[in-house]
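Residue-level listing of the chains:
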Amino acid sequence: MSAGVHNPRLGRLRRHPVLSLTAALLLLAGAVFGGTWGYGVLFPPALSCGRGMTAAGTPLACVGVNLDSAPFTKGEPARMRKLEETVRTANEAVKGNSAGVVLMMNLSPVEDVDTLTYDSLYPNIEGAIAAVWRANNTAAYGSTPGVKLYLANMGSQYGSWQAAVDSVKKNAAAEHISAVVGLGQSTEQSRQAAAAVSSQLHIPVIGSTVTGNSMNLDPADPAGKRPIPDMFRVSPTNSDSVIAANQYVSGLSPAVTSLAVVADSVADDDYTATLAAEAKIRFPAPDRTLTVLPYTSPRSLPSGTGRQDYLIQQFNLMHANLCQAAPSVVYFAGRGRDLGAFVQNWVQGAPCGIPQLRILAGDDASEAIHDDAVLKGVASGRVTVAYTALASPDEWGTECPGSDAKRNYDQFWSAFTGRPDPCTKQPLATTQSGAAPLAFDPADLASGQAMLTHDAAVAAISAARHDEAGLKNPGLETGILHQFYCAQMLPGASGWLSFGADGNPVGKPAPIVQINPDGTTKTVTLTWPSSAPNLSLPQRGGTGAPGC
């Protein structure tokens with residue numbers, strides 16, 4: 001149109017400024033939203049997160065509380081998606097008043113970066129699901145309120161723990177969150193998360209497999225002595241684990257006259273630090289020499305460098321000193337994920353007159369049950385590998401009916417697998433007509449982690465149900481948990497649950513478990529590092545339970 005040509009439409013807009021402004025805003029909105037939509041189509045987001053979560057970390061993962069059971073990562077394993085759907089379906093079935101329990105862990109492990117894997121993660125989720133299923137469908141732990149489970153991701157290496165805690169805090173009221181359980185490994189990040197939940201929400205934090213001695217101590221205390229007020233745990237501490245290991249070593253024949261401690265000196269890992277410190281204290285004996293051989297696992301690695309390769313280099317240099325020490329037993333005070341590198345180096349390294357190396361490790365060695373390097377090493381006959389487990393599926397034996405502790409385990413086993421009770425041969429009775437049974441693989445119980453996460457969730461559920469006022473004021477439930485001791489023990493899969501004043505378990509066993517070449521495990525013996533055997537509730541005229 002030439003400059004001299006008059007446009008009547010523009011003239012009308014000039015005579016009506018309100019109409020003119022509205023048209024301009026509509027054009028601008030169209031450009032903005034059209035541009036946003038177009039950009040989203042051309043450049044889709046790297047990761048879309050469900051409600052309650054945000055994207056963080058490298059590679060990206062969704063962190064926070066998973067309110068809709070959405071994926072945590074792109075290309076998430078199908079088995080992980082199936083477990084998330086199981087959680088969603090179970091939550092949707094809960095009607096009326098409910099209490100929410102959050103399982104908070106690293107739920108997006110990165111291969112060759114994290115010291116846990118998806119395979120070791122699944123039993124933890126299954127154990128929590130089994131506890132909630134029993135609470136909602138059987139009479140084992142009361143009946144009301146109904147219980148919902150939420151999965152909360154702290155991200156790879158627990159690096160997004162703050163985002164996970166913030167999400168719990170934001171959703172606590174709406175979802176009636178009464179406790180956080182799990183925590184995963186004994187790292188400084190998971191300890192910070194436990195302290196933050198306690199100080200900001202004042203609700204119980206119940207560790208399932210956190211064994212580091214300092215894990216229940218407030219990181220904000222300069223003296224390092226003040227406990228985290230709301231923290232409990234269902235697993236023995238590293239002190240108990242090393243006491244159990246020493247009990248086992250002291251009973252071996254021929255007597256162990258030389259012992260080497262292979263100790264990880266990496267910073268900010270309470271598990272390896274306290275395990276090594278306790279080993280140096282507990283293993284010395286008048287007729288036994290002790291050699292400490294340190295190594296340092298990587299806190300981070302440059303791109304293209306694998307954790308396994310990095311550690312094999314160190315263990316290769318350690319080989320000559322280990323041969324020089326000529327130990328009867330090696331106590332591996334490192335992460336189970338690193339045990340394969342140590343075993344592989346020993347088996348493939350230069351022979352030095354030791355026909356078979358007996359390796360004993362801490363509980364994290366459960367991560368090595370399916371490690372190919374460990375299994376091939378055991379199959380070669382050059383090594384045996386055992387560890388002080390936190391729980392084991394055969395720790396109570398096979399005798400029927402067995403102890404009360406075994407009967408508790410059998411009820412858990414039946415719920416977990418959906419199969420009849422192994423002793424009574426009867427299917428598990430349910431309180432809800434038509435309740436679909438679970439059907440998890442019994443092989444998933446080998447690491448013991450399903451048992452412990454079940455027990456942590458059971459403690460949280462029992463506290464919520466003993467004081468329904470906790471739905472309005474969950475802070476009251478810490479006081480309830482402190483009442484679970486002495487005669488008021490809770491029946492757990494890993495043993496009777498009883499808490500001391502410091503929140504640590506009282507009277508828990510520590511099974512010594514051997515790894516077989518086919519990836520199966522066997523309980524060699526059951527130790528009681530801090531008490532006499534604790535198999536039943538105390539009866540009138542009896543000696544009482546530990547801690548009484």
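Residues numbered from 1 in each chain as written. Predicted model: local features only at pLDDT ≥ 70, side-chain atom pairs only at ≥ 80, totals over all residues. Heavy atoms only, no water.

## Observations regarding the state of the cysteines
The following threshold applies: Pairs of cysteine sulfur atoms within 2.5 Å are what we label disulfides. The helix count covers DSSP runs of H or I at least four residues long, the strand count covers runs of E at least two residues long, and both are numbered beginning at the N terminus. Each residue is placed in one exposure class: buried if its accessible area under a 1.4 Å probe, protein chains only, is under 20% of its type's maximum, exposed if it is over 50%, and partly exposed if it falls in between.
Tallied over the entire structure, the rule returns three disulfides. Across a sulfur-sulfur distance of 2.1 Å, C323 and C352 are joined as a disulfide pair. Between C323 and C352, the S-S torsion sits near -75 degrees, and that sign places the bridge as left-handed. In this pair, C323 is assigned in helix 9 (residues 307-325) and C352 in the loop between helix 10 (339-348) and strand 11 (357-361), connecting sequence segments 29 residues apart. On the accessibility criterion, C323 (15% relative accessible area) is buried. The partner cysteine of C400 in its disulfide is C423, sulfur to sulfur 2.0 Å. Between C400 and C423, the disulfide has an S-S torsion of -85 degrees and is therefore left-handed. One end of the pair, C400, is in the loop between strand 12 (383-388) and helix 12 (404-417); the other, C423, is in the loop between helix 12 and helix 13 (449-466), with 23 residues separating them in the sequence.

## Some words on the sheet that holds strand 6 (residues 205-207)
Stated precisely, the cut-off is as follows: Paired strands, as defined in this entry, are two strands with at least two bridges between them according to DSSP. Note on geometry: axes are lines fitted to C-alpha atoms, helical ones only across the stretch in contact, with angles between N-to-C directions running from 0 to 180 degrees. Note on definitions: a residue-residue contact is assigned when non-hydrogen atoms from the two residues lie within 4.5 Å.
An order of 1-2-4-3-5-6-7 is seen for the seven strands of this open sheet, with the pairing classed as mixed. The sheet is open, and its two edges are formed by strand 1 (53-56) and strand 7 (231-233), each paired on a single side. Averaged over all adjacent pairs, the angle separating strand axes in this sheet is 25 degrees, with direction ignored. Both strand 3 (residues 98-105) and strand 5 (residues 177-182) contribute to a ladder of five bridges, which runs parallel. For M104, the partnering residue across the bridge sits in strand 5 and is G182. Together, strand 3, strand 5, strand 6 and strand 7 form the strand contacts of helix 6 (residues 188-201), whose direction differs from that of strand 6 by roughly 155 degrees.

## Describing the nonpolar core
Convention followed: The criterion is simple. A nonpolar core is a set of buried Ala, Val, Leu, Ile, Met, Phe, Trp, Tyr and Cys residues joined through side-chain atoms within 4.5 Å.
Formed by 64 residues in total, the largest nonpolar core has its most connected members in I125 and I206. Here this core takes 11 residues from helix 4 (residues 118-137), the largest share from any one element. If near-sequence neighbours (up to four positions away) are discounted, I125 is found in contact with M80, L83, L103, L107 and L151. Of all hydrophobic cores here, the second largest spans 33 residues; its members include Y295, A341, A365 and I369.

## A closer look at empty space enclosed by the protein
Using the following cut-off: Cavities and pockets are found on a 1 Å grid laid over the protein atoms alone: a cavity is a set of points where a 1.4 Å probe fits but cannot escape, a pocket is an open set with protein on both sides within 12 Å along at least five of seven lines, and a lining residue has an atom within 4 Å of such a point. Grid points are joined across faces, edges and corners, and a volume is the space filled by probe spheres set on the points. Under this grouping Gly is polar, as are all residues other than the nonpolar Ala, Val, Leu, Ile, Met, Phe, Trp, Tyr, Cys and Pro and the charged Asp, Glu, Lys and Arg.
Considering all chains together, one arrives at three cavities of 30 Å³ or more under this definition. Its volume calculated, the largest cavity comes out at about 130 Å³. Considering the residues around the largest cavity, the lining is formed by 17 residues, among which G184, Q185, T209, D364 and Q449 are closest to the centre. Here the element with the most residues in the lining of the largest cavity is helix 4; it accounts for three residues. Its residues placed into classes, the lining of the largest cavity shows five nonpolar, eight polar and four charged. Empty space within the second largest cavity amounts to approximately 50 Å³. T209, D363, S366, Y387, A389, L390, A391, S447, Q449 and L452 are the residues that line the second largest cavity. Counted by class, the lining of the second largest cavity contains five nonpolar, four polar and one charged residues.

## Describing helix 4
Filter applied, for reference: Multiplying 1.5 Å by the residue count of a helix minus one yields the expected span of that helix.
Between its first and last C-alpha, helix 4 extends 28 Å over 20 residues, near the 28 Å set by a 1.5 Å rise per residue. Among the 20 residues in helix 4, 19 count as buried, and that is most of the element.

## Quick look at the side chain of S366
Put simply, the test is: Whenever a nitrogen or oxygen atom comes within 3.5 Å of another N or O atom, the pair is scored as a polar contact, on the condition that within protein one atom can donate a hydrogen and the other can accept it, and that pairs from neighbouring residues in sequence are kept only if both atoms are in side chains.
Note on placement: S366 falls in the loop between strand 11 and helix 11 (372-380). Side chain to side chain, S366 and Q449 meet in a polar contact 3.2 Å long.

## Focus on the packing of aromatic side chains
How two aromatic rings sit relative to each other is set out by the distance from centre to centre and by the angle between their planes. Short version of the rule: When the centres of two rings from Phe, Tyr and Trp lie within 6.5 Å, Trp using its six-membered ring, the rings pair. Their planes under 30 degrees apart give stacked, over 60 give edge-to-face, and anything left gives tilted.
Considering all chains together, one arrives at 11 aromatic pairs under this definition. Geometrically, the ring pair formed by F332 and F342 is tilted, given 5.5 Å between the ring centres and 40 degrees between the ring planes. Of the two residues, F332 is situated in strand 10 (residues 329-333) and F342 in helix 10; the sequence distance between them amounts to 10 residues. Residue F332 shares its accessibility class with F342, and that shared class is buried. An aromatic cluster is built from Y295, F315, F332 and F342, whose rings are joined through pairwise contacts.

Remember that the coordinates give geometry; whether it matters functionally is a separate question.
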